[in-house]
Structures are given as structure tokens and as C-alpha cells.
Amino acid sequence: MLGSSALLLAGGLGLLGYSLWEAQAYSTREFTLRVLEPERESLKILHLSDIHLMPNDHKRADWLRSLIDLKPDFIVNTGDNISHPDAVPVLLDALSDLLTLPGAFVFGSNDYYGPVFKNPLSYLRKGAAPIKHAPELPWGQLRNGFNSAGWTDLNNAHEQIKVGSLLLDIVGVDDPHIHRDRYEDVAQHADTNADVSLGVVHAPYRRVLDAMTADGVDLILAGHTHGGQICLPGYGTLITNCDLDRRYAKGLSAYTLTPDDGWDVDDVDEDLVASTWLHVSPGIGTSPYAPIRLACRPEAILITLTSH
Ligand SMILES: [Fe+2]
């Protein structure tokens, strides 16, 4: 009996050790999406999300610094950058080379509020609300750092950005997880004169994904889920921490507008698409109170948009 208890304990400690290691096993992933008209220049988008940087995260900061070697053309940052009030200068320094490139960002709840300890079981509750009374983070300092480098603030904004010879039509919302999204203020059908249209959001709540899909964006970029963070090999994540189905929890998916959620496809203009590409980043960091990952490596993703 004692033998099996000791074996269980050893197995548990081994799994914990592995999960702590995997949370720092930073990796990159690349894929190509053919969404541009023929004979257009390709565009390499580096998607960063959920960095959750602490001031002493030197390994993570060094790895972020190395991402310039991927030679991206454009950076999309989908929020949750910091986990400590003193992390902003460290983050801006780690991203300093990437900040010389064109980019755009939205914020997540962990740009506004610091992490607090949660009951581990609350992790399994679907769409758990963010904890109130968390300490405020210096999001203004973070926004100024990104803005002064030239990155476009997409928190409830719709902009057109020229990158090389391509015109990007790009719409973003502030974080739906803490009810800061105001898509109705910035909604409009994607500009057909643009080469590509992008939607950007931190937490991929369906109300935002459906609205962006109905407006005809080509690709939606999101974060927040951490890919579930703890995944079962062969099954995937248990939760997404929002109302998104777990099959979309990380990676590239074909997202289809859901008519039973209030959208009537028959009412949508004929020239609008009812599905789009959705890329959900598994993120780079974790809450400092849960620095573990299982079967869900931290990732930066390079998405190359090319012609049909
Ligand atoms: Fe996050």
C-alpha cells in the first residue's frame, strides 16, 4: 500500500516538474495562409500573446529578443503583456527590435489588472469571471511605449495600415473578458479596396468573432485561452476560459458564424462570408501563480499571408 502511494507521489512530482519545465519551453510555429489576391507581395505576421512578463523573467525576455530573427513584416500583439507593475520597461526592452517594425495591439485583462491567486478548481469553471479588486497595472505606460514606437492601438478601433505594398484593413476591440469591447462603435464591413482584412481581440468571445465574421474579415487573431494550458495528450484542452468551444482553443481553425446565437444567415448580405479563419495563440506566459503547462507549449507564431 505504501509502495503504491510512494509511486503516485513520485509520478505526481514528476508531472509537476515536467509541467514547470514545459512552461518555459518557448517555441515558434509557422504556417502559410493563402488569402491574398494573385501576384501580391506576401506578408509575414508575428502573432504575440499572453506574455505575462515579470521583471525577473530574463529567460522569457531573452527569447522575445530573439524573435526578430524570424524577420516578420508586421507584429500583432493580442494582450496580457505583464504580470507586475515594474515589468513594462523590461517588456519594452525585450521587444525593442520588434518595436522598430510596424505593429498593432489590443489589451487583455492582464494589461489592466495584476494577477491574483485563484482556487485551482476555479480554473475548470467555464468562462470564470476575472477577479475583482486585483491591483491595477500601468497600462498607460505600456500603451505609451507601444504608441511611441508606432504600433497602432486597436482597442475599439478600426484602422487602415500600409505595410510594404499591402493595405491592411484592421479592426480590434478592447478585452471582452472584462466587458470592454465596443465592436458596435467600430463595426463596418471590411474594405474591399484593402489587400487583406484582420480582426484582433484578446479573449475570443463568440459575440465578437461572430460580428467580425459577419463583417467579412479574412483572419481573426486572438489570445487569452493559453491553449487551455493543461491539455490531455490526444484530447486537448478541457477549457477555454470564455464561451468559445474548446476545439478552437489554440491554433488555426475555420470559424463559422453561428446562426443560433442571434445571427440569421438569411439576413446577412450575399457578399458577406459566413466563415473566416481564426487563429488563437496558446500564449507565451502564464499567471505567476500557475507557472505550468502540459502538452501546450508557449509559442510565438509566424503567419505568412500569400496569394491564392
Ligand atoms: Fe493570459
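Check the entry above for the structure.
Presented here is a report on the structure given in the accompanying data block. (Residues numbered from 1 in each chain as written. Predicted model: local features only at pLDDT ≥ 70, side-chain atom pairs only at ≥ 80, totals over all residues. Heavy atoms only, no water.)

1. Quick look at the sheet that holds strand E9 (residues 219-222)
Then, in step 1: Strand order in the open sheet formed by six strands is E6-E7-E8-E9-E13-E12, and the pairing between neighbours is mixed. In the strand order of this sheet, the two ends are held by strand E6 (157-163) and strand E12 (251-256), each with one partner. Ignoring which end each strand starts from, the neighbouring axes of this sheet average 25° apart.
Then, in step 2: With four bridges connecting them, E9 and strand E13 (residues 275-280) associate as parallel partners. Residue pairing across strands places Ala 222 opposite Val 280, the latter belonging to E13.
Then, in step 3: Of the strands in this sheet, strand E7 (166-172), strand E8 (196-200), E9, E12 and E13 are in contact with helix H7 (residues 206-214), which crosses E12 at around 70°. (Pairing = 2+ DSSP bridges. Helix = DSSP H or I, 4+ residues; strand = E, 2+ residues; numbered from the N terminus. Axes fitted to C-alpha atoms, helices over the stretch in contact; angles between N-to-C directions. Contact = heavy atoms within 4.5 Å.)

2. A few points about the coordination of the iron ion
Then, in step 1: Here the iron ion is held by Asp 50 (OD), His 52 (NE2), Asp 80 (OD) and His 226 (NE2), and the distances to it run 2.1 to 2.2 Å.
Then, in step 2: Each of the four donor atoms bound to the iron ion contributes to angles spanning 89 to 173°, and the resulting shape is irregular.
Then, in step 3: Along the chain, the residues donating to the iron ion are arranged with the sequence spacing D-x1-H-x27-D-x145-H. Remark: Asp 80 occurs in the loop between strand E3 (74-77) and helix H3 (88-94) and His 52 occurs in the loop between strand E2 (43-48) and helix H2 (58-66); sequence separation between them is 28 residues.
Then, in step 4: Taking the relative accessible area as the measure of exposure, Asp 80 reaches 3% and is therefore buried. (Donors = N, O, S within 2.8 Å, 3.2 Å for Na, K, Ca; no water. Tetrahedral: all angles 85-135°; square planar, octahedral: opposite > 155°, others 65-115°. Buried < 20%, exposed > 50% of the residue type's maximum accessible area, 1.4 Å probe, protein only.)

3. Section: helix H5 (residues 139-149)
Then, in step 1: The complete set of buried residues in H5 reads Leu 142, Gly 145 and Phe 146. Projected down its long axis, H5 carries its buried residues within an arc of 90°, all on one side.
Then, in step 2: Tucked into the core, H5 has its buried residues touching E3, H3, strand E4 (103-105) and helix H4 (109-112).
Then, in step 3: Remark: Gly 150 follows H5 within two positions and exhibits a positive phi of approximately 105°. (Arc of directions from axis to C-beta.)

4. Notes on the pairing of E9
Then, in step 1: In E9, alternate side chains face the same way, and those of Leu 219 and Leu 221 on one face and Ile 220 and Ala 222 on the other are all buried.
Then, in step 2: Note that E8 and E9 share three bridges and pair parallel. Its bridge partner being in E9, Gly 199 is matched across the sheet by Ile 220.
Then, in step 3: Following the backbone out of E8, through H7 and into the adjacent parallel E9, one traces a crossover that is right-handed. (Right-handed = clockwise from strand over helix to strand, strands pointing away.)

5. Regarding the sheet that holds strand E5 (residues 152-153)
Then, in step 1: With mixed pairing, six strands are arranged side by side in an open sheet as E1-E14-E2-E3-E4-E5. At either margin of the open sheet sits one strand with a lone partner, and together these are strand E1 (27-36) and E5.
Then, in step 2: Relative to E4, H5 is tilted by about 160°, and along the sheet it contacts E3, E4 and E5.

6. Some thoughts on the environment of Thr 240
Then, in step 1: Along the chain, Thr 240 turns up in the loop between strand E11 (236-237) and E12.
Then, in step 2: Of the residues examined, Thr 240 reaches a relative accessible area of 3% and is grouped as buried.
Then, in step 3: Taking the C-alpha atoms as reference points, Thr 240 and Ala 203, separated by 37 residues in sequence, lie 9.4 Å from one another.
Then, in step 4: Not counting residues within four places of it along the chain, the set of residues in contact with Thr 240 comprises His 224, Thr 225, Asp 245, Arg 246 and Ala 249.
Then, in step 5: Of the polar contacts made by the side chain of Thr 240, one reaches the backbone oxygen of Cys 242; its length is 3.0 Å.
Then, in step 6: One polar contact links the side chain of Thr 240 to the main-chain carbonyl oxygen of Leu 244, over a distance of 2.8 Å. (Polar contact = N/O pair within 3.5 Å; in protein donor to acceptor, adjacent residues only side chain to side chain.)

7. Brief notes about the pairing of E3
Then, in step 1: In E3, alternate side chains face the same way, and those of Phe 74 and Val 76 on one face and Ile 75 and Asn 77 on the other are all buried.
Then, in step 2: Summarising the sheet, E3 and E4 pair through three bridges and their orientation is parallel. Paired with Asn 77 across the strands is Phe 105, a residue of E4.

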